[in-house]
Amino acid sequence: MTDNAPAAAKSELRSQLLAARRAVSPELHAGEAAALAGHLAVLAAAAGTVCAYLPVRGEPGSTAMLDGLAHRGVRVLLPVVRTDDDGVPLALLWGDYHPDTLANPLVEARFGLLEPAPPWLPAESVAQADLMLIPALAVDRRGVRLGRGAGFYDRSLELCRAGVPLVAVVRDAELVDELPAEDHDVPMTHALTPELGAVALG
């Protein structure tokens, strides 16, 4: 097996998983999103600050997950994507999320993302999180996560406090037995799926 074999395998898997997500009906997506919001309310019951994200392009979940946390007094931080002058991904910045977007409006950003408007918090602010919700195309039972390949989260998760739950949010079929792994991959501690709820990994 060549050195780039895991990367090539990941690329093929991404294509398959993205195609499967595109085939999910709006009704099924909405039902799964509601289930995820219910599970998250339990998972984050003791959290004061949660680093989360706004699902886009068929990703599991919805803003209801974030609204539920915020309405219970949880501080919700959303990622802000930035690169250096050469286009190399940097560790994520963070911004506060408010259900009332007039308090801190969301703005369109690269990759089809919605991000909080400035001011932003530095990358090291991720260390404030009691729980990390992390987008994923798939995750395996060892904790290996398959993302979209840019590397923003790989650079950011290294800044988390030790012991903080790292939770990949996926559909049930996207929790798999094994994924190709690379040395830079940061393992997830949990998966969150619509039917199974929070599943410990590793």
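Just so it is clear, the model here is predicted, and its values are computed rather than measured.

Trainee: Mind showing me how you'd approach helix 3 (residues 63-71) here?
Mentor: Residues three or four positions apart in an α-helix share a direction because the helix packs 3.6 residues into each turn. Regarding helix 3, the residues found buried are Met65, Leu66, Leu69 and Ala70. All buried residues of helix 3 project into a common sector of 125 degrees when viewed along the axis, lining one side. Following helix 3 by one or two positions, glycine 73 adopts a phi angle in the positive range, close to 90 degrees.

Trainee: I would appreciate a short explanation of the sheet that holds strand 7 (residues 138-140) in the present structure.
Mentor: To summarise the sheet geometry, strands pair through backbone hydrogen bonds and adopt either a parallel or an antiparallel arrangement. With respect to topology, three strands assemble into an open sheet ordered 8-7-10, the strand pairing being mixed. Strands with a single pairing partner mark the edges of an open sheet, and in this sheet they are strand 8 (145-146) and strand 10 (175-176).

Trainee: Teacher, can you tell me more about the environment of leucine 36 here?
Mentor: Tracing the sequence through the fold places leucine 36 in helix 2 (residues 26-43). The class of leucine 36 is buried, set by a relative accessible area of 0%. A sequence separation of 33 residues divides leucine 36 from leucine 69, and the C-alpha atoms of the two residues are 12 Å apart. Setting aside residues up to four positions removed in sequence, leucine 36 forms contacts with Pro60, Gly61, Met65, Val169, Leu192, Thr193 and Pro194.

Trainee: Mind showing me how you'd approach the state of the cysteines here?
Mentor: Between two cysteines, a covalent bond joining their sulfur atoms is known as a disulfide. Within this structure, the stated rule accounts for zero disulfides. We note that cysteine 51 lacks a disulfide partner, and the nearest cysteine sulfur, in cysteine 160, lies 6.9 Å from it. The class of cysteine 51 is buried, set by a relative accessible area of 0%. On the basis of relative accessibility, which here comes to 15%, the residue cysteine 160 falls in the buried class.

Trainee: Just to check I follow, could you spell out the environment of glutamate 108 for this structure?
Mentor: Topologically, glutamate 108 is positioned in strand 4 (residues 106-108). Residue glutamate 108 is classed as exposed on the basis of its relative accessible area of 74%. For glutamate 108 and tryptophan 94, which are 14 residues apart along the polypeptide, the C-alpha to C-alpha distance reads 15 Å. When sequence neighbours within four positions are dropped, the list of residues in contact with glutamate 108 reads Leu113 and Leu114.

Cut-offs used in this document
- Each chain has its residues counted from 1, following the order in which its sequence is written.
- Only residues with pLDDT of at least 70 get local features here, since the model is predicted, and only at 80 or more are side-chain atom pairs given and counted; chain-wide, interface and lining totals rely on the full set of residues.
- Calculated side-chain values reflect all of the structure's heavy atoms, with hydrogen atoms and water omitted.
- Throughout this description, buried means an accessible area under 20% of the type-specific maximum (1.4 Å probe, protein chains only), exposed means over 50%, and partly exposed covers the range between.
- The way it works is that DSSP assigns letters per residue, a run of H or I at least four long becomes a helix, a run of E at least two long becomes a strand, and they are numbered from the N terminus.
- Note that the arc is computed from the directions linking the helix axis to the C-beta atoms.
- The criterion for strand pairing is that DSSP finds at least two bridges linking the strands in question.
- For this analysis, residues touch if any pair of their heavy atoms sits within 4.5 Å.
- In what follows, a disulfide is any cysteine sulfur pair within 2.5 Å.

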